[in-house]
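If you want the building blocks of each chain, they are given just below.
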Amino acid sequence: MRSTQRTDGSPPVPGPSDKVARVVDAVHGLPGRPLPGAQAEALARALGGCLEAATVTIALWLPLPAGHDADPAAEHTVQEYWWTAAGAEAAAPGTGAAPVRLCDGEQVLADLVIEPPAAAERLLRWPELHTVTRLLVSDIQAQLITGDAERLIGQSDLLLADARLRAAGEMEHQRYQLERDLHDGAQHHMVALQMSLAMVEYQLGAGNAVEAGRHLDRLREMLASTEEVLHTTATGLLAPLADHGLVTALAARLGTLDTVTLDIDAQLTDRRYPPEVETAVYLACLEAVSNAHKHAPGAAVTLTLRASCRGLSFEVADTGPGFDTGGRMPLRQLAARLASVDGTLTVRSSPNTGTLVSGFVAS
């Protein structure tokens with residue numbers, strides 16, 4: 001039976017079936033693709049009209065989102081939707097009817113707060129309307145949970161893409177760092193090997209077998225240390241520098257070369273500078289010496305390292321043929337390395353006068 005006819009001739013009173021139809025139509029009859037929130041508001045409004053209520057509040061229970069900052073003891077969040085009849089005032093909390101809890105088995109879907117209490121009683125007396133309301137609330141809750149899950153998946157996709165981009169950037173940075181370490185470390189060693197081999201060839205060509213043998217012994221020693229140099233480059237070119245300081249690291253790398261003379265300020269022996277400064281100066285010195293060996297083979301090279309109240313300075317001078325800079329700034333990579341620690345680089349050279357590479361980093 002859908003309605004009850006009044007005996008006084010007035011319009012029929014809608015029965016439970018009519019109310020069910022009105023509630024379903026109110027929610028499913030929304031135009032377009034309504035959001036869950038719009039459906040919940042329409043449900044509250046339809047229930048209010050059918051139950052002759054003053055206010056209807058639907059407090060949906062939703063699972064806690066991943067990474068939430070809520071109370072650790074909380075098991076869910078509540079999302080509220082409400083409707084108030086025209087001219088009606090909501091009752092103060094705790095003064096009205098007890099909430100009507102809607103459940104699907106043991107899962108709580110929502111709490112309905114309906115004022116006045118008599119309106120809430122009507123819902124409980126009409127099982128058809130109660131059942132339909134529960135089903136509609138369950139559908140709305142499922143849509144909200146699905147929407148949250150889709151947003152989390154979208155965020156996860158963005159985070160994954162960002163992580164991949166960062167990983168690719170880090171790999172590129174590591175590749176570039178390895179290239180620099182090979183350039184500043186292993187390349188310097190290879191240039192020294194080439195020089196020793198050239199000296200052997202030169203002495204043999206000059207008929208000086210004794211001197212050639214001496215250089216050949218030196219070449220054997222350097223070849224034996226090649227594995228150590230490559231291992232140091234692979235595991236960390238700067239480990240000796242970090243462990244023992246600038247003076248010890250430079251002496252270990254350059255002190256055994258016949259053509260290199262080290263002129264190091266005695267007060268630097270036990271003095272340490274910030275790691276980034278020591279790294280920049282150490283690698284700059286190695287690269288400057290390597291360039292001297294490459295472009296002025298056989299020339300004498302002097303590395304001077306000085307400390308003052310102003311800062312740390314170095315010079316790498318060779319007696320090679322020199323070159324015409326043509327107003328250019330050579331060794332730009334070297335200059336950029338020093339600039340990263342607010343240092344400066346100067347290169348002076350001209351034909352037949354050798355080359356002087358000097359750098360300075362302020363304290």
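In the block above lies the structure referred to throughout.
Residues numbered from 1 in each chain as written. Predicted model: local features only at pLDDT ≥ 70, side-chain atom pairs only at ≥ 80, totals over all residues. Heavy atoms only, no water.

Visitor: How should I be thinking about the overall build of the chain in this particular structure?
Guide: In terms of helices and strands, the chain carries 10 helices and 11 strands. Buried residues in the chain amount to 37% of all 363 residues. The long-range share in the chain, meaning contacts at least 24 apart out of those at least 6 apart in sequence, stands at 65%. When the accessible surface of the chain is totalled, it reaches about 20500 Å², and 56% of it is carbon and sulfur. (Helix = DSSP H or I, 4+ residues; strand = E, 2+ residues; numbered from the N terminus. Buried < 20%, exposed > 50% of the residue type's maximum accessible area, 1.4 Å probe, protein only. Contact = heavy atoms within 4.5 Å. Areas by Shrake-Rupley, 256 points an atom, 1.4 Å probe, with all protein chains shown as cover.)

Visitor: Sorry, what's going on with the packing of helix α9 (residues 275–295) against helix α10 (residues 332–339) here?
Guide: In helix packing, the relevant descriptors are the interaxial angle and the interaxial distance, both defined with respect to the helix axes. It is at 9 Å that the axes of α9 and α10 come closest, and there the two elements cross at 165°. Taken together, the axis directions place α9 and α10 in an arrangement best described as roughly antiparallel. Judged by the sense of rotation from one axis to the other, the crossing of α9 with α10 is left-handed. From α9, Ala280, Leu283, Ala284, Glu287 and Ala288 reach across to α10, where they touch Gln333, Leu334, Arg337 and Leu338. Tallied by class, residues from the contact of α9 with α10 come to 6 nonpolar, 1 polar and 2 charged. (Axes fitted to C-alpha atoms, helices over the stretch in contact; angles between N-to-C directions. Parallel < 35°, antiparallel > 145°, perpendicular 65-115°, else oblique. Left-handed = near helix turned anticlockwise from the far one by under 90°. Nonpolar A, V, L, I, M, F, W, Y, C, P; charged D, E, K, R; others polar.)

Visitor: Looking at this structure, I do not really get α10. What am I missing?
Guide: Because an α-helix completes one turn every 3.6 residues, residues spaced three or four positions apart along the sequence face the same direction. Residues of α10 that are buried: Leu334, Arg337 and Leu338. Down the axis of α10, the buried set is contained in an arc of 95°. They therefore lie on one face. (Arc of directions from axis to C-beta.)

Visitor: Explain the sheet that holds strand β9 (residues 311–318) here, please?
Guide: The pairing of strands in a sheet comes from backbone hydrogen bonds and takes either a parallel or an antiparallel form. Reading across from one edge, β7-β8-β9-β11-β10 is the order of the 5 strands in this open sheet, with mixed pairing throughout. One side of each edge strand has no neighbouring strand; the edge strands of this open sheet are β7 (260–264) and β10 (343–349). The sheet shows a mean angle of 10° between the axes of neighbouring strands, direction not considered. Taken together, the 7 bridges between strand β8 (residues 301–307) and β9 define a ladder with antiparallel strand orientation. (Pairing = 2+ DSSP bridges.)

Visitor: Sorry if this is basic, but what is going on with the sheet that holds strand β6 (residues 107–115) here?
Guide: Taken in spatial order, the 4 strands make up an open sheet running β4-β3-β6-β5, and their pairing is antiparallel. On the outer flanks of this sheet lie β4 (76–84) and β5 (100–104), each paired with one strand and no other. Across the sheet, the mean angle separating the axes of adjacent strands is 20° when strand polarity is ignored. Sheet analysis places strand β3 (residues 55–63) next to β4, joined by 9 bridges and oriented antiparallel. Residue pairing across strands places alanine 59 opposite glutamate 80, the latter belonging to β4. Helix α2 (residues 36–51) rests against β3, β4 and β6 of the sheet, and its axis sits at about 50° to β4.

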